[in-house]
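Coordinates in review
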Amino acid sequence: MFRPKPTSRLILLTLTLLLLANFLTSIKASEPTTDENEDGELEELLALDEQVEQEEEQEGSSASVRSSEAEVLTKAQRIVLELNHDNTKRVIEGHEFVLVLGYAPWCSRSAELMPQFAEAATSLKELGSPLLLAKLDAERHPKTASSLEIKGFPTLLLFVNGTSQVYTGGFSAEEIVIWARKKTGEPVIRISSVTEAEEFLKKHHIFVVGLFEKFEGPDYEEFVKAAAADNAIQFVGVSNIEVAKVLIPNVKPTNVFLGIVKSEPERYTSYEGTFETDKILQFLDYNKLPLVNKLTETNSARVYSSPIKLQVLVFAEADDFKKLLEPLQDVARQFKSKILFIYIDNTDENLAKPYLTLFGLEESNSTVVTAFDISVNSKYLLESDPTPSNIKEFCSGLLHGTLSSHFKSQPIPDNTNETVQSIVGKTFDDKVLNSHKNVLLEVFTPWCINCETTSKHVEKLAKHFKGLDNLVFARIDASANEHPKLQVNDYPTLLFYTANDKANPIKLSTKSSLKDLATTINKHLKPKDNVAKEKDNVPKDEL
């Protein structure tokens, strides 16, 4: 409860004592006098007291707002039934529909979801939904959680007549409500008045509108089937053209119309196909996402599930991206439904770093534009400045298949006087594939446990064969360098590229002894290479 500060009481007490002193002084005086200083002090104290009271009222008002918000949340959370060992079975078996949230008090994602779940419970109750929302502290009741097959946190399960099914919707209150209503028999909301339509617009940021002369017939049946099959978007059915125009102003004056509405620059998209469930769902898959999607932990599953195989990813800091967003949306509009545009904050290590590492750019702080063709598992990098015109040209190349795939590479090293040459992605062609020499290539990664032993063997072999001009020992870090003709999955790997057949490297066993490796190398060398070494009288290093 809010309590007044003691400041005003102290001021009032001081004021009372001052007035009493003034009164006694006036009794002792032979004539009444007016002390201008006392009047000034009195006015000053009164003004101060009034200011304090105003501040207290403001604080009280803020506290009241906070209290009101807390009361709303508490009320919402009370609507969500708390499950335990004793009541879980009874609750689930005693209700037709129960949506259970399995959580752990220490789980941050559970904490984020809890208020959304409570808000959804409030909305569903106001809508008269038969669905009961309940929550279970899985840490406190592990056996009960196990019996419901709750293994991670948070977990949402819908029980229909006691049988569970996995939750497949979003995690905002609105998305939970939409999914829940669809699964409990209300896939389509009918709106019959302009007022209803206006109220609906205030609460939903994405929805599908279907205009039908009557809520019957093959087209409407396909519409309802599509609504039931989709898990995330609210479907709305209207039969009045004026009501439809409130929701989607460019609605066509026909007997049947379907369109999607989103709260973003590309707000309205009309469906031009026939009313078949699969085609309607395909239309939604290609048009439900924004022109440019900001990737987050919450929406990542929805973005990754897009059927669009060509994707352009922009990595930038938030302030830099704000300047780029509008022109990027203009570019995205030209490639709508053909290329998916994604923005990732490059300061978000969890989301950005895995992608940037694929390009060898994990330390980059500047704006980076990349692309993927999921259908052929290829990646591309915009190497020019990320201006709108360059991005547009980059996207056009991606769409028409004229871009060159990107393979990451470290800077070209200086191999002067090196016994074992360092190969990078940019030098693999010249130093290995196009070289007229035999090349023994060690493929390693910094995190490989056994690579260090193999590296020492390669060093010793290089010294042993140092008199041969036609044999090169080299190594490449596969974690930082790529090449389309170097496809290695096991580390370390030793590949011997003979001078006369670079297309078919010979894989050597990394478990072989040094002598066995030397014997194998000698076996694949031309006889004149060994003769040349003997003529040079170069002593062999002991293996």
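Everything below is about the structure shown above.
Residues numbered from 1 in each chain as written. Predicted model: local features only at pLDDT ≥ 70, side-chain atom pairs only at ≥ 80, totals over all residues. Heavy atoms only, no water.

1. Looking at the side chain of Ser300
Filter applied, for reference: Under the scheme used here, helices are H or I runs from DSSP no shorter than 4 residues and strands are E runs no shorter than 2 residues, and both carry numbers assigned from the N terminus. Type-normalised accessible area, obtained with a 1.4 Å probe on protein chains alone, sets the label of each residue: buried when under 20%, exposed when over 50%, and partly exposed for intermediate values.
Mapped onto the secondary structure, Ser300 falls in helix 11 (residues 300–304). On the accessibility criterion, Ser300 (14% relative accessible area) is buried.

2. Section: the pairing of strand 5 (residues 163–166)
Filter applied, for reference: At least two DSSP bridges between two strands are needed for those strands to be called paired.
For strand 4 (residues 155–160) and strand 5, the ladder comprises 4 bridges, and the chain directions are antiparallel. Looking at the pairing, Phe159 lines up with Ser164 of strand 5. Connecting strand 4 to the next strand, strand 5, in antiparallel fashion are 2 residues, including Asn161 with a positive phi near 55 degrees.

3. Side note on the packing of aromatic side chains
Going by this rule: Ring geometry is summarised as follows: Phe, Tyr and Trp rings, the Trp one being its six-membered ring, pair when their centres sit within 6.5 Å, and such pairs are stacked at plane angles under 30 degrees, edge-to-face over 60 and tilted between the two.
Using the criterion set out here, one finds 19 aromatic pairs in the structure. Ring plane angle 50 degrees and centroid distance 6.0 Å describe the contact between Tyr167 and Phe171, whose orientation is recorded as tilted. According to the relative accessible area criterion, Tyr167 is buried, its value standing at 8%. Classification of Phe171 by relative accessible area gives partly exposed; the value is 36%. Ring pairing ties together the aromatic residues Phe212, Phe215, Tyr220, Phe223, Phe235, Tyr271, Phe275 and Phe283, which thus form one cluster.

4. Considering the pattern of salt bridges
The test is simple: Salt bridge, as used here: a side-chain nitrogen of Lys or Arg that lies within 4 Å of a carboxyl oxygen of Asp or Glu.
All chains considered together, the criterion is met by 15 salt bridges. A salt bridge links Glu266 to Arg333, with the shortest nitrogen-to-oxygen separation between them at 2.8 Å. Linking Glu266 in the loop between strand 9 (256–262) and strand 10 (268–270) with Arg333 in helix 12 (residues 318–334), this pair joins segments that are 67 residues apart in sequence. For Glu266, a relative accessible area of 16% corresponds to the buried category. Lys336 is paired through a salt bridge with Glu266; the nearest N and O atoms lie 3.4 Å apart. Of this pair, Lys336 sits in the loop between helix 12 and strand 13 (339–345) while Glu266 is found in the loop between strand 9 and strand 10, placing the two residues 70 residues apart along the sequence.

5. Description of the state of the cysteines
As a reminder, the rule being used: By definition, disulfides here are pairs of cysteine sulfur atoms that lie within 2.5 Å.
The tally for this structure, following the rule as stated, stands at 1 disulfide. With its sulfur 2.3 Å from that of its partner, Cys448 forms a disulfide with Cys451. Handedness here is read from the sign of the S-S torsion; for Cys448 and Cys451, about 95 degrees, the answer is right-handed. Side by side, Cys448 and Cys451 carry an identical accessibility label, which is buried.

6. Some details on the packing of helix 16 (residues 451–464) against helix 17 (residues 514–524)
Filter applied, for reference: Axes, fitted as lines to C-alpha atoms, cover a helix only where it is in contact. Angles between the N-to-C directions of the axes lie from 0 to 180 degrees. Throughout this description, any angle smaller than 35 degrees is read as roughly parallel, any larger than 145 degrees as roughly antiparallel, any in the 65 to 115 degree range as roughly perpendicular, and the remainder as oblique. We call a crossing left-handed when the near helix sits turned anticlockwise from the far one by less than a right angle, and right-handed when that turn is clockwise. Should any heavy atoms of two residues lie within 4.5 Å, those residues are considered in contact. Each residue is assigned to one of three groups, with Ala, Val, Leu, Ile, Met, Phe, Trp, Tyr, Cys and Pro labelled nonpolar, Asp, Glu, Lys and Arg labelled charged, and all others, Gly among them, labelled polar.
It is at 11 Å that the axes of helix 16 and helix 17 come closest, and there the two elements cross at 50 degrees. With respect to helix 17, the element helix 16 is oriented oblique. Crossing angle aside, the handedness with which helix 16 passes helix 17 is right-handed. Between helix 16 and helix 17, the residues in contact are His457, Lys460, Leu461 and His464 and Leu514, Leu517, Ala518 and Ile521, respectively. Per-class residue counts for the contact of helix 16 with helix 17 are 5 nonpolar, 2 polar and 1 charged.

7. Observations concerning the sheet that holds strand 19 (residues 493–498)
Pairing within the open sheet is mixed, and its 5 strands lie in the order 16-18-17-19-20. Edge positions in the sheet fall to strand 16 (421–423) and strand 20 (501–508), since each of these pairs with one other strand and no more. Direction aside, the axes of adjacent strands within the sheet are offset by 30 degrees on average. The sheet contact formed by strand 16 and strand 18 (residues 471–477) spans 3 bridges and is parallel. Following the sheet pairing, Ile423 is matched in strand 18 by Ile476. Across the sheet, helix 17 touches strand 17 (438–444), strand 18, strand 19 and strand 20, and the angle it forms with strand 19 is around 20 degrees.

8. Notes on empty space enclosed by the protein
Selection criterion: Space inside and on the surface of the protein is sampled on a 1 Å grid over the protein atoms alone, with a cavity defined as a set of points where a 1.4 Å probe fits but cannot get out and a pocket as an open set with protein on both sides within 12 Å along at least 5 of 7 lines; lining residues have an atom within 4 Å of a point. Grid points are joined across faces, edges and corners, and a volume is the space filled by probe spheres set on the points.
The full count for this structure, using the stated rule, is 1 cavity of 30 Å³ or more. Approximately 130 Å³ is the volume found for the largest cavity. Forming the walls of the largest cavity are 16 residues, and the residues nearest its centre are Tyr286, Leu289, Pro290, Lys336 and Ser337. Looking at the lining of the largest cavity, the elements that each hand over two or more residues are helix 10 (277–287) and strand 13. Looking at the lining of the largest cavity, its residues break down into 9 nonpolar, 3 polar and 4 charged.

9. Describing unusual backbone geometry
Geometrically, the link from Phe153 to Pro154 is a cis peptide bond, its omega value of -10 degrees lying close to zero. Relative to the helices and strands, Pro154 resides in the loop between helix 5 (142–147) and strand 4. Across the junction of Tyr491 and Pro492, the peptide omega takes the value 0 degrees, indicating a cis bond. Mapped onto the elements, Pro492 comes out in the loop between strand 18 and strand 19. Backbone geometry places Asn161, a non-glycine residue, at a positive phi of 55 degrees. Considering the arrangement of structural elements, one finds Asn161 in the loop between strand 4 and strand 5. Owing to a relative accessible area of 58%, Asn161 belongs among the exposed residues under this scheme.

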